[in-house]
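Letter by letter, the chains look like this.
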Amino acid sequence: LNQFIDIATQKIRAKRMAYFGKHPDVYTKIYAYTRPNVLKALGYYPYYPKIEKANATQVTIDGKQKIMLGSNNYLGLTNHPKVIEAGVKALREYGSGLTGSRLLNGNTLLHDQLEEQLADFVHMESALVFSTGFGTNFGTITTICGPDDLIFSDEYNHASIVDGIRFSGARKCKYKHNDMQDLEEKLAFSDPKYPRFIVTDGIFSMDGDIARLDDLVALSKKYPSRLMVDDAHSFGILGPRGDGTAAHFDVTKDVDLIMGTFSKSLGCIGGFISGEKLVIEYLKHHSRTMLFTASLPPSNVASVMAALRIIQAEPERREQLIDHARFIRDGLKSLGFDIGESVTPIIPIIIGKDLKTFQVWKDLMDAGVYTNPIVSPAVPRGRALLRTSYMATHTRKQLEFCLDMFEKTGRKARIIR
Ligand code: PMP
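Residues numbered from 1 in each chain as written. Predicted model: local features only at pLDDT ≥ 70, side-chain atom pairs only at ≥ 80, totals over all residues.

Here we look at the overall build of the chain
Looking only at helices and strands, the chain has 16 helices and 14 strands in total. Relative to the compact-globule value of 22 Å for 417 residues, the chain shows a C-alpha radius of gyration of 23 Å, a close match. Taken along its principal axes, the extent of the C-alpha atoms in the chain is 60 × 60 × 50 Å. In the chain, the proportion of contacts linking residues at least 24 apart, taken out of those at least 6 apart, comes to 71%. (Helix = DSSP H or I, 4+ residues; strand = E, 2+ residues; numbered from the N terminus. Rg over C-alpha atoms; globule rule 2.2 N^0.38 Å. Contact = placed C-beta atoms within 7 Å.)

Overview of the pairing of strand 11 (residues 346-352)
Across the seven residues that make up strand 11, a large majority, five, are buried. Where strand 11 and strand 14 (residues 384-389) come together, six bridges link them in antiparallel fashion. Residue P348 lies in a different strand from strand 14, and its bridge partner there is R387. (Buried ≥ 20, exposed ≤ 12 C-beta atoms within 10 Å, placed from the backbone. Pairing = 2+ DSSP bridges.)

Quick notes on the site of the ligand
By nearness alone, 14 residues border the ligand, and G133, H158, A232, T261 and S263 come closest of all. Counting residues per element, the shell around the ligand draws most heavily on helix 6 (residues 133-144), which supplies three residues. (Near = placed C-beta within 6 Å.)

Section: the domain arrangement of the chain
Taken as a whole, the chain is organised into domain 1 (1-40), domain 2 (43-72 + 315-412) and domain 3 (80-313). With centres defined by C-alpha atoms, the gap from domain 1 to domain 2 works out at 33 Å. (Domains from an automatic or database assignment.)

Section: helix 11 (residues 277-286)
In an α-helix there are 3.6 residues to a turn, and that puts residues three or four apart on one side. Considered for burial, the residues of helix 11 that qualify are V279, I280 and L283. For helix 11, the angular spread of the buried residues around the axis is 95 degrees, confining them to a single face. Opposite the packed face of helix 11, turned more than 90 degrees from it, sit the exposed residues K277, L278, E281 and H285. Packed against the buried residues of helix 11 are strand 4 (126-130), helix 6, strand 10 (271-275) and helix 12 (288-291). (Arc of directions from axis to C-beta.)

Focus: the UniProt feature "domain: Aminotransferase class I/classII large" (unreviewed entry) in the chain
Annotation from UniProt places "domain: Aminotransferase class I/classII large" (unreviewed entry) at residues 65-400. The span residues 65-400 is 43% helix and 17% strand, and its two end C-alpha atoms sit 16 Å from each other. (UniProt positions renumbered as here; feature names shortened; annotations may be inferred.)

Quick word on the sheet that holds strand 8 (residues 226-230)
Strand order in the open sheet made by the seven strands is 4-10-9-8-7-5-6, with mixed pairing throughout. In this open sheet, the two edge strands, each paired with only one partner strand, are strand 4 and strand 6 (171-175). Between one strand axis and the next, the sheet turns through 20 degrees on average, direction left out of account. Direction of pairing for strand 9 (residues 257-261) relative to strand 10: antiparallel, over a ladder of four bridges. Within strand 10, the residue paired with T261 across the bridge is G271. Here helix 6 sits on the sheet and contacts strand 4, strand 8, strand 9 and strand 10; the angle it forms with strand 10, its principal contact strand, is near 40 degrees. (Axes fitted to C-alpha atoms, helices over the stretch in contact; angles between N-to-C directions.)

Topic: the sheet that holds strand 1 (residues 51-54)
One open sheet holds the four strands; their spatial order is 1-2-3-12, and the pairing between them is mixed. Only two strands of the sheet have a single partner each, and these edge strands are strand 1 and strand 12 (369-370). In this structure, strand 2 (residues 58-61) lies alongside strand 3 (residues 64-68), joined through four bridges in antiparallel fashion. The partner of V59 across the bridge, within strand 3, is K66.

A short note on the nonpolar core
A127, L128, I151, I258, V304, M305 and A307 are the most contacted members of the largest nonpolar core, which totals 105 residues. Excluding its chain neighbours within four sequence positions, the residues that come into contact with I151 are C145, I165, A170, K172, C173, F197 and V199. (Core = buried A, V, L, I, M, F, W, Y, C linked by C-beta atoms within 7 Å.)

Description of the packing of helix 15 (residues 354-366) against helix 16 (residues 396-412)
For the pair helix 15 and helix 16, interaxial distance at closest approach is 10 Å and the crossing angle is 140 degrees. Classified by the angle their axes make, helix 15 and helix 16 are oblique. Where helix 15 crosses over helix 16, the handedness of that crossing is right-handed. Two secondary-structure elements touch here, helix 15 through V360, D363 and L364 and helix 16 through M405, T409 and K412. Classifying every residue of the contact of helix 15 with helix 16 gives three nonpolar, one polar and two charged. (Parallel < 35°, antiparallel > 145°, perpendicular 65-115°, else oblique. Left-handed = near helix turned anticlockwise from the far one by under 90°. Nonpolar A, V, L, I, M, F, W, Y, C, P; charged D, E, K, R; others polar.)

Digging into the environment of P195
Within the fold, P195 resides in the loop between helix 8 (180-189) and strand 7 (196-201). For P195 and P224, which are 29 residues apart along the polypeptide, the C-alpha to C-alpha distance reads 8.4 Å. Residues within four places of P195 in sequence aside, it is in contact with D148 and D149.

A few points about helix 7 (residues 159-168)
Residues S160, I161, G164, I165 and S168 constitute the buried set of helix 7. Along the axis of helix 7, the buried positions cluster into a sector of 135 degrees, meaning they face one direction only. Buried residues along helix 7 sit in contact with helix 6, strand 5 (150-154), strand 6, strand 7 and strand 8. Backbone geometry just downstream of helix 7 places G169 in the positive-phi region, at approximately 85 degrees.

Laid out in structure tokens, this is it:
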């Protein structure tokens, strides 16, 4: 109770300060912000977990082991001996970092080699490596598009795309999630004298459904537009060789830009954009998230290269992952959970209300299952969900245990009967 009184007092004090203050203050919203404290007082604060130890499928928090269903380490490569070995070797050879932009002092042979390998892997002419996936989307869109352009963007696209569009100054046209009819109406209505750009996630990060890239290609031809796909969650997962969404639909030659991150199936950090050589060259010399930030440490680049080799050499990892995801989807569906349109290793459990979602999250955590509660603005208000995601390296026994816990907590919360 005392905690709630403190929170209420904080709000009143902030309002009073705003009212009686001599000047408007940019800090007013900060002083009035109480959401994390409310969650802490309720015992439902899920953020900034204090992970003490992590191997791919299990983490230790507060001395207790949890099965990790909350990471993007889809192929379980973060702890692969070859990925670690490659990183350690480069760490010894190059040191801990390059302390500068790739343009000036921060480029190595490794960065260039990785770019060649990535372009080759996704069947594009050329690729460019950025220090984060967020910076890749942001830096690509803000460089390629400007105030005279029209950008058509799926309403569920990632924040890095949304912010890139906003900062580019282009006119934005948001279409309903994966709704080709809505997009076509908007394209048909648009003034053809403005250059058009369509952008979509490949696998949608919260819902685990796949963009209808074949239809998007058709529309981009009917209403001439450039087309970009964000393969953050599809790289290493979709496609006959893990080569992404365009390969999955066999439309690579009709997609202009393929983006990927190193922070998911590749188990590291960083991102890349790939496409026509001239476009990549232009981005290399104009994109501000490329020019004005320090380059990836060579150890990280070397680990990414090792992970990419494993993806190519061990397709059975991808097959195992697909099999695990199918097992969980079937299990959740037969228990009566709403898992939306997921067809990938990202499987949401849609709950609806924020508070109930936090309650179920907490019960699962106490039972030894780590999931991520997702509320607005990451998903629309009233559509709160638990995001669960799976790894090739989970064991069937771990997954069976998780399904048991989903059933117990789901019944307790009356999400299922
Ligand atoms: N695009 C999508 C679809 C993502 O889900 C993410 C990360 N969650 C990013 C881009 C940004 O990537 P990174 O975290 O590697 O910066």
